[in-house]
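# Descriptive analysis of the structure
These are the residues of each chain, in order.
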Amino acid sequence: MLERVPELWFEDGSTVFQASHLAFRLHASVLSARSSVFSDILSPNPRLAPIEKGLYLDGSPLITLHDPAEDAQCFFLAIYDSGYFERPPARSTLIVILAILRLSTKYEVHYLRQRALHHLYLGYPDTLDGWDNRFNLATFSLDRNFGPYSNTPGESLAIFETCEKVQAKWMLPAILYECCRHDLQTILDHPRWEHGIEAQHKKTLLIGYVRQLEASREVLKFLTCPSLASCPQRGRCSEIRGKHAHAMNTDRWSFSDPLGIWDDGDWESMLHEGMCELCLPVYQAMHDDSKVVFWARLPEIYCLPSWSDLQAMKNTELGIVDL
């Protein structure tokens, strides 16, 4: 039984579109003006034939779309309701952004594709500063549970799957980094791993996971490097670092999160425990430098083009119009 979507069922609409169990009565002229694909499909002599036609509903031609119902609803709402999916910094949701990105790409609605990419980019940037500020800049929730038994790998894997499909490669380093922050067993047990990710991408992700795990140890080398010769309390500062190195080895050494395995709270603990004011900024600088080195290597870790090439792709994609 078809369910009519009230806000997308227009009495003066010329064509009914069906996506799974949902039906939308829309205007061929509106869709043709925004989508080159719909313009062709709805023309008297279409060149493309990817959509089932020939039936009628309530006197209007019925066209069946082979798209998820929820995706189609988000996509058509974005076309008809100017306030539904606005430019950043307006808020949205991950479900809406991915749905619109998938169908705006498929049906060649370029302004919506660019808008969706811009939203997603604020959560998955191409600079380390952007990553560090993503929670302040993103227009959708970035809350993830990276521990065992989490269900959020599905969100990260869905973003990866979508961006790979729509050729938004310039976001893949940050997206893959987030994917591999999850517990590996949780990733492997998730249904998307079995049914959504292609074999070649599984291999890339697993190799990257191991490299990312190794990099988590690299960024902590300041905990085990030789003490500063000028330190006024070398024994005490060395003891503090040794204590934290031991804690990392037992509690967090399996974390595949080079950019988050050590944070401001850890520095505050060191200062509270008595690390001298000479040593602390030196080790902070060492840690910052190691993160910069890791970020520069991130595309290579996942067998992707260099940052400069990826950023050129981004500039081409997002620089076409004012979003």
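Scroll up to find the structure.
Here is a short report on the structure shown in this document. (Residues numbered from 1 in each chain as written. Predicted model: local features only at pLDDT ≥ 70, side-chain atom pairs only at ≥ 80, totals over all residues. Heavy atoms only, no water.)

Among the structural elements, Phe146 can be located in the loop between α7 (134–137) and α8 (153–165). Placed 34 residues apart in sequence, Phe146 and Cys180 show a C-alpha to C-alpha distance of 9.1 Å. Discounting residues that sit within four places of it in the chain, Phe146 has contacts with Glu178, Arg181, His182 and Asp183. (Helix = DSSP H or I, 4+ residues; strand = E, 2+ residues; numbered from the N terminus. Contact = heavy atoms within 4.5 Å.)

Further remarks concern the pattern of salt bridges. Scanning the model with the defined rule gives 14 salt bridges in all. For Lys314, the salt bridge is made with Asp126, and the minimal N-O distance between the two is 3.0 Å. Linking Lys314 in helix α16 (residues 307–318) with Asp126 in the loop between α5 (110–123) and α6 (128–132), this pair joins segments that are 188 residues apart in sequence. Counted as one network, the salt bridges with shared partners bring together Arg134, Arg144, Glu155 and Glu178. (Salt bridge = Lys/Arg side-chain N within 4 Å of Asp/Glu carboxyl O.)

Enumeration over the complete set of coordinates arrives at 17 aromatic pairs. Linked through ring pairs, Phe17, Phe24, Phe38, Phe75, Phe76 and Tyr107 together constitute an aromatic cluster. Just above the ring of Tyr124 sits the side chain of Arg134; from NZ or CZ to the centre is 5.2 Å. Cation over ring: Arg134 sits above Trp131, and NZ or CZ is 3.9 Å from the ring centre. (Phe/Tyr/Trp six-rings, centres within 6.5 Å; stacked < 30°, edge-to-face > 60°. Lys NZ or Arg CZ within 6 Å of the ring centre and 35° of its normal.)

A word on helix α12 (residues 199–218). For α12, built from 20 residues, the straight-helix expectation of 28 Å at 1.5 Å per residue is met to within 8% by its first-to-last C-alpha distance of 29 Å. Regarding α12, the residues found buried are His201, Lys202, Leu205, Gly208, Tyr209, Gln212, Leu213, Ala215 and Ser216. Along α12, the residues classed as buried sweep out an arc of 155° about the axis, all on the same side. Away from its buried face, by an angle of more than 90 degrees, α12 presents the exposed residues Ala199, Gln200 and Lys203. Contacts from the buried residues of α12 go to α8, α9 (172–179), α10 (184–189), α11 (191–195) and α15 (279–301). (Expected span 1.5 Å × (residues − 1). Buried < 20%, exposed > 50% of the residue type's maximum accessible area, 1.4 Å probe, protein only. Arc of directions from axis to C-beta.)

With that settled, consider the nonpolar core. The biggest cluster of nonpolar side chains holds 75 residues, and the ones touching the most others in it are Phe17, Phe24, Phe75, Phe76, Leu120, Tyr124 and Met171. In this view, Phe76 contacts Leu8, Phe17, Phe24, Leu26, Leu31, Phe38 and Leu65; residues no more than four positions away in its chain are not counted. Listed in part, the 20 residues of the second largest apolar core include Val219, Ile261, Trp262 and Tyr283. (Core = buried A, V, L, I, M, F, W, Y, C linked by side-chain atoms within 4.5 Å.)

So, about α9. When you tally the buried positions in α9, you get eight out of eight residues, the bulk of the element. Those residues of α9 that fall on the buried side of the exposure criterion are Leu172, Pro173, Ala174, Ile175, Leu176, Tyr177, Glu178 and Cys179.

Two elements in contact, helix α14 (residues 264–273) and α15, have axes whose closest approach is 11 Å; the angle formed by their N-to-C orientations is 160°. Overall, the two elements α14 and α15 adopt an arrangement that is roughly antiparallel. Note that α14 runs across α15; the crossing there is right-handed. Counting all contacts with α14, which are made through Trp267, Met270 and Leu271, the residues of α15 involved are Leu280, Tyr283, Gln284 and His287. The residue inventory of the contact of α14 with α15, partitioned by class, reads five nonpolar, two polar and no charged. (Axes fitted to C-alpha atoms, helices over the stretch in contact; angles between N-to-C directions. Parallel < 35°, antiparallel > 145°, perpendicular 65-115°, else oblique. Left-handed = near helix turned anticlockwise from the far one by under 90°. Nonpolar A, V, L, I, M, F, W, Y, C, P; charged D, E, K, R; others polar.)

Attention now goes to a negative patch on the surface. On the surface, a cluster of negative charge is contributed by Asp129, Asp132, Asp288 and Asp289. Looking at the negative patch, the elements with two or more residues in it are α6 and α15. Among the residues examined, Asp288 registers a relative accessible area of 41% and is labelled partly exposed. (Patch = residues over 30% accessible without salt bridge, like charges linked within 9 Å, V, L, I, M, F, W, Y side chains within 5 Å. Areas by Shrake-Rupley, 256 points an atom, 1.4 Å probe, with all protein chains shown as cover. Lys, Arg positive; Asp, Glu negative; His and termini not counted. Charge placed at Lys NZ, Arg CZ, Asp CG, Glu CD.)

Take the side chain of His287 next. For His287, the position within the fold is in helix α15. Accessibility expressed as a relative area gives 2% for His287, which makes it buried. Apart from residues lying up to four places away in sequence, His287 is in contact with Val219, Phe222, Trp262 and Trp267.

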